[in-house]
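Residue-level listing of the chains:
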Amino acid sequence: MITLDLALPAYAKDMIWLKPGDGPAIQIQAQARVEIPAATALTLHWTHPDGSPLHRWTSVMDNSRLTWDGIVRLGGFVDRSHILEFHGLALMLVELMGSIYLPADYPSLPTLADLQAGPYKREDARYPAPEHWYSLLIDLDSPFADFLHHALVNGNAIDCTASLGGDEGGWHELVGLPLLVESLTLLAPGM
């Protein structure tokens, strides 16, 4: 038996599917007990059993309590961008083709301990083929907007973290997967 503890806004109540690596998907509630075999990779999907993945656990044991902090860690390419006004706010909405290939503990910057351990070299994995659609919401005045514009124009890949927009913002009324950008890394061409 596995217990899930997910940080989800109310509009996401029936939007999450849990899919074992080798079995059928199960639609779940924000907090649920589900029966899934141990040592199976599990992936959270948005709105459909094969929808955009939000998080992945690679190994699950019996009696595990799985948590998710609501942060989506993405890598991919900007497919298109939109400038619009919503509730009096000037926004950029970016459509990203990508995946959640970044692990939750992926270091965006080296720590002092990393540098003390020896010469630092980033071991970036090459991007897998972009598999899924994601939407990123950014205030038009944010520096993120400029970075995302450059990523689109120059074909650069990005890494980013984002979270589901809260109920109070009404972001889910604008787009079906409202991810608010929290951090962004623009990668060199060819990554």
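Residues numbered from 1 in each chain as written. Predicted model: local features only at pLDDT ≥ 70, side-chain atom pairs only at ≥ 80, totals over all residues. Heavy atoms only, no water.

### Here we look at the sheet that holds strand S9 (residues 89-99)
Part 1 of the argument: Around the barrel, five strands lie side by side as S8-S9-S10-S12-S11; this closed barrel has mixed pairing. Averaged over neighbouring strand pairs, the angle between their axes works out to 50° when direction is ignored.
Part 2 of the argument: By the bridge criterion, three bridges tie strand S10 (residues 132-139) to strand S12 (residues 178-186) in an arrangement that is parallel. Bridge pairing in S12 places Leu136 opposite Leu179.
Part 3 of the argument: Lying on the sheet, helix H2 (residues 143-154) is in contact with strand S8 (71-86), S9, S10, strand S11 (157-164) and S12; it crosses S12 at an angle near 70°. (Pairing = 2+ DSSP bridges. Helix = DSSP H or I, 4+ residues; strand = E, 2+ residues; numbered from the N terminus. Axes fitted to C-alpha atoms, helices over the stretch in contact; angles between N-to-C directions. Contact = heavy atoms within 4.5 Å.)

### Overview of the nonpolar core
Part 1 of the argument: Counting 38 residues, the largest nonpolar core has Leu6, Leu44, Trp57, Trp68, Leu74, Leu136 and Leu179 as the members making the most contacts within it.
Part 2 of the argument: When near neighbours in sequence (up to four residues on either side) are disregarded, Leu44 contacts Leu6, Ile16, Trp17, Leu18, Ile28, Ser52, Pro53, Leu54, His55, Trp57 and Trp68.
Part 3 of the argument: Counting residues in each nonpolar core, the second largest holds six residues, with Leu91, Leu93, Leu137 and Val175 among its members. (Core = buried A, V, L, I, M, F, W, Y, C linked by side-chain atoms within 4.5 Å. Buried < 20%, exposed > 50% of the residue type's maximum accessible area, 1.4 Å probe, protein only.)

### Description of the pairing of S10
It is a general feature of regular strands that their side chains alternate between the two faces of the sheet.
Part 1 of the argument: The element S10 is extensively covered by neighbouring structure, given that six of its eight residues are classed as buried.
Part 2 of the argument: Two strands pair when backbone bridges link them, and S9 and S10 are joined in this way by eight bridges, in the antiparallel orientation. For Met97, the partnering residue across the bridge sits in S10 and is Trp133.

### Some details on the sheet that holds strand S6 (residues 53-57)
Part 1 of the argument: Taken together, four strands build an open sheet; the order of strands is S3-S2-S5-S6 and the sheet is antiparallel. Both edges of this open sheet fall to strand S3 (26-28) and S6, since each of them pairs with a single strand only. Put simply, the sheet's adjacent strands are angled 25° from each other on average, direction ignored.
Part 2 of the argument: By the bridge criterion, three bridges tie strand S2 (residues 16-20) to S3 in an arrangement that is antiparallel. Looking at S3, one finds that Ile16 is bridged to Ile28.

### Things to note about the pairing of strand S5 (residues 42-46)
Part 1 of the argument: Counting buried residues in S5 gives five out of five residues, a clear majority hidden from the surface.
Part 2 of the argument: By the alternation rule, side chains of S5 split into Leu42, Leu44 and Trp46 and Thr43 and His45, which are all buried.
Part 3 of the argument: The pairing of S2 with S5 spans five bridges and is antiparallel. Pairing of Trp17 across the sheet is with His45, part of S5.
Part 4 of the argument: Across four bridges, S5 lies against S6 in antiparallel orientation. If you follow Thr43 over to S6, its bridge partner there is Arg56.
Part 5 of the argument: In textbook terms, the turn of a hairpin is the stretch between consecutive antiparallel strands, and for S5 and S6 this stretch comprises six residues, one of which, Thr47, has a positive phi near 65°.

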